[in-house]
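Now for the letters of each chain:
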Amino acid sequence: MKRKITIISAAILSSVFVCGTSFAVINSKADANIMTKNGSTYVVNTTQLCKNIKGFKGATPLIIYIKSNTVVKIQPLQNMDTPNFFNRATKSLESYYIGKKVNKIINADVDAVSGATYSSKSIIQNVKSGLEYYNRNK
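Report on the accompanying structure.

Quick notes on the rules
- Note on numbering: residues in each chain are counted from 1, in written sequence order.
- Given that the model is predicted, a residue must reach a pLDDT of at least 70 before its local features are reported, and side-chain atom pairs must reach 80 or more before they are shown or counted; all residues, however, enter totals for whole chains, interfaces and linings.
- With hydrogens and water set aside, each side-chain value is computed from the structure's full complement of heavy atoms.
- Helix and strand definitions follow DSSP, with helices as H or I runs of at least four residues and strands as E runs of at least two, each counted in order from the N terminus.
- Any helix carries an expected span of 1.5 Å times its number of residues minus one.
- Burial classes: relative accessible area under 20% of the type maximum marks a residue as buried, over 50% as exposed, and values in between as partly exposed (1.4 Å probe, protein chains only).
- When DSSP finds at least two bridges between two strands, those strands are taken to pair.
- Comment: axis = line fitted to C-alpha atoms, over the contacting stretch for helices; angle = value between 0 and 180 degrees taken between N-to-C directions.
- A contact between two residues is defined here by any heavy atoms of the two lying within 4.5 Å.
- By convention a nonpolar core is built from buried Ala, Val, Leu, Ile, Met, Phe, Trp, Tyr and Cys residues, the set being connected through side-chain atoms within 4.5 Å.

### Focus on helix α5 (residues 117–137)
Under the 1.5 Å per step criterion, the end-to-end length of α5 is 30 Å for 21 residues, consistent within 8% with the ideal 30 Å. Ser119, Ser120, Ser122, Ile123, Ile124, Asn126, Val127, Gly130, Leu131, Tyr133 and Tyr134 are the residues of α5 that are buried.

### What to know about unusual backbone geometry
Notably, Ser68 is not glycine yet its phi reads approximately 55°, a positive angle. One can find Ser68 in the loop between β3 (62–67) and β4 (70–76). Judged by its relative accessible area of 56%, Ser68 falls in the exposed class. Positive phi outside glycine occurs at Asn69, with the angle close to 65°. Along the chain, Asn69 falls in the loop between β3 and β4.

### Some details on the sheet that holds β4
Spatial strand order, β1-β2-β3-β4: four strands in an open sheet with antiparallel pairing. Strands with a single pairing partner mark the edges of an open sheet, and in this sheet they are β1 (35–38) and β4. Across the sheet, the axes of successive neighbouring strands diverge by a mean angle of 20°, strand direction being ignored. Bridging between β1 and strand β2 (residues 41–45) involves four bridges; their strand directions are antiparallel. For Asn38, the partnering residue across the bridge sits in β2 and is Thr41. Contacting β1, β2, β3 and β4, α5 crosses the sheet at an angle of about 45° to β3.

### Thoughts on helix α3 (residues 83–97)
Spanning 15 residues, α3 covers 20 Å between terminal C-alpha atoms, matching the ideal 21 Å at 1.5 Å per step. Buried residues along α3 sit in contact with β4, α4 (102–107) and α5. Of the residues flanking the end of α3, it is Gly99, one or two places downstream, whose phi is positive at about 90°.

### A few points about the nonpolar core
By size, the foremost hydrophobic cluster in this structure holds 26 residues, and its most contacted members are Ile66, Tyr97, Val127 and Leu131. Of all the elements in the fold, those that place two or more residues in this core are β2, β3, β4, α3, α4 and α5. It is α5 that contributes the most residues to this core, six residues altogether. Those residues in contact with Leu131 that lie beyond four places of it in its chain are Ile64, Ile66, Val71, Val102, Ile105 and Ile106.

### A word on the pairing of β4
Within a regular beta strand, the side chains point alternately toward one face of the sheet and then the other, so they alternate between its two faces. Here six bridges tie β3 to β4, and the two strands are oriented antiparallel to one another. Across the sheet, the residue bridging to Tyr65 is Lys73, located in β4. Connecting β3 to the next strand, β4, in antiparallel fashion are two residues, including Ser68 with a positive phi near 55°.

Encoded structure:
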C-alpha cells in the first residue's frame, strides 16, 4: 500500500512538472504571436490579446505597426462585422491614430464613429490594449 501511494505521488508530481513546462512553452509562443519586431518596427497582433473585445458581430482583431514609439499603420484583420460600418470606422479612426505617439493614444478619450458605434468601440479598445501591451513588452 505504501509503495502504491509513493508511485501515485511520483506520477502526480511528474505530470505537474510536465504540465508546468508545457504551459511555459505555450505562453512564450503566444507572446510571439502577439508582438514581433520587423527591423525597427514593432508589429502587434490583437487576435489573441483582445479576443474578448467584440464589435457588432464578434471579435475585431487588428495589426498595429509602431515605429519610434509612433503608430504608423493599423490593419484590420478578418472579422464578422458589417463591412460598410466596420470599414467606415476603421478609416476614420486610423486617420486619427496614424502619426500619433503611443502614450498620447493610450491616454486619449476617443469618440466612437457615429453609425458604426459597436465597430468603432471595439477598434478603440483593440488599439488601446495593443498599445498598452507594446508599452509593457517593448
